[in-house]
Amino acid sequence: LILLKDQFSNRKTLSICATLAWWVIFPLDVIKSRKQASRGIGQSSMAIAKEIYVKHGFVGFYRGFWPGTLRSLFANGLSFYAYKKSKILLQKHL
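Residues numbered from 1 in each chain as written. Predicted model: local features only at pLDDT ≥ 70, side-chain atom pairs only at ≥ 80, totals over all residues. Heavy atoms only, no water.

S.K.: Account for the overall build of the chain, with residues named and values stated.
M.R.: In terms of helices and strands, the chain carries three helices and zero strands. If you list the helices and strands of the chain from N to C, you get α-α-α. Counting only residues that meet the buried cut, the chain has 22% of its 94 residues in that class. Taking contacts inside the chain between residues at least 6 apart in sequence as the whole, the part at least 24 apart equals 64%. With the model as given, the accessible surface of the chain reaches about 7400 Å², and the carbon-plus-sulfur share is 70%. (Helix = DSSP H or I, 4+ residues; strand = E, 2+ residues; numbered from the N terminus. Buried < 20%, exposed > 50% of the residue type's maximum accessible area, 1.4 Å probe, protein only. Contact = heavy atoms within 4.5 Å. Areas by Shrake-Rupley, 256 points an atom, 1.4 Å probe, with all protein chains shown as cover.)

Below, the structure is given as structure tokens:
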């Protein structure tokens, strides 16, 4: 039971850390998504960032933040857990 509690704690910690990292890079992801959606119109990343800031302010860089955060919590937590388990299994069998 203690081992399961430690594993859950590790997954929770890894999930929170990955989510915090996502919060830091989220504005860059918004700019990237806008650039991809422009389909080759040729706007630079700086021009897109300026447009977002002028139209929406700082908050514009975090549009869609909560759905992305919820996805990040689960997906990153499970990814780190799967990585850790795979590493342990490979070390035992290789």
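Having seen the structure, we can now continue with the description.
S.K.: Would you mind going over the nonpolar core in detail, with residue names and values included?
M.R.: Counting nine residues, the largest nonpolar core is built from W22, F26, V30, I31, I48, A49, I52, F61 and F65. With four residues, the top contributor of residues to this core is helix α1 (residues 2-37). Not counting the four nearest positions on each side in its chain, V30 is found in contact with I52, G60, F61 and R63. (Core = buried A, V, L, I, M, F, W, Y, C linked by side-chain atoms within 4.5 Å.)

S.K.: Now, about the confidence of the model for the chain: what can you tell me, with residues and values included?
M.R.: Close reading of the predicted structure is inappropriate where its pLDDT is low. Overall, the predicted model of the chain reaches an average pLDDT of 82, with 87% of residues at or above 70. For the chain, per-element mean pLDDT is lowest for α1, which scores 77, and highest for helix α2 (residues 45-56), which scores 94. (pLDDT = per-residue confidence, 0-100.)

S.K.: I'd love a proper account of helix α3 (residues 65-93), names of residues and values included.
M.R.: For α3, built from 29 residues, the straight-helix expectation of 42 Å at 1.5 Å per residue is met to within 8% by its first-to-last C-alpha distance of 41 Å. Helix geometry: α3 is bent most strongly at S72, by close to 25°. Along α3, the residues classified as buried are F65, G68, T69, S72 and G77. (Expected span 1.5 Å × (residues − 1). Bend = angle between axes of the 7 residues up to and from the residue.)

S.K.: Give a description of the environment of G60 that names residues and reports values.
M.R.: Positionally, G60 belongs in the loop between α2 and α3. G60 gets classed as buried once you look at its relative accessible area, which sits at 3%. Between the C-alpha atoms of G60 and V30, which are 30 residues apart in sequence, the distance is 8.7 Å.

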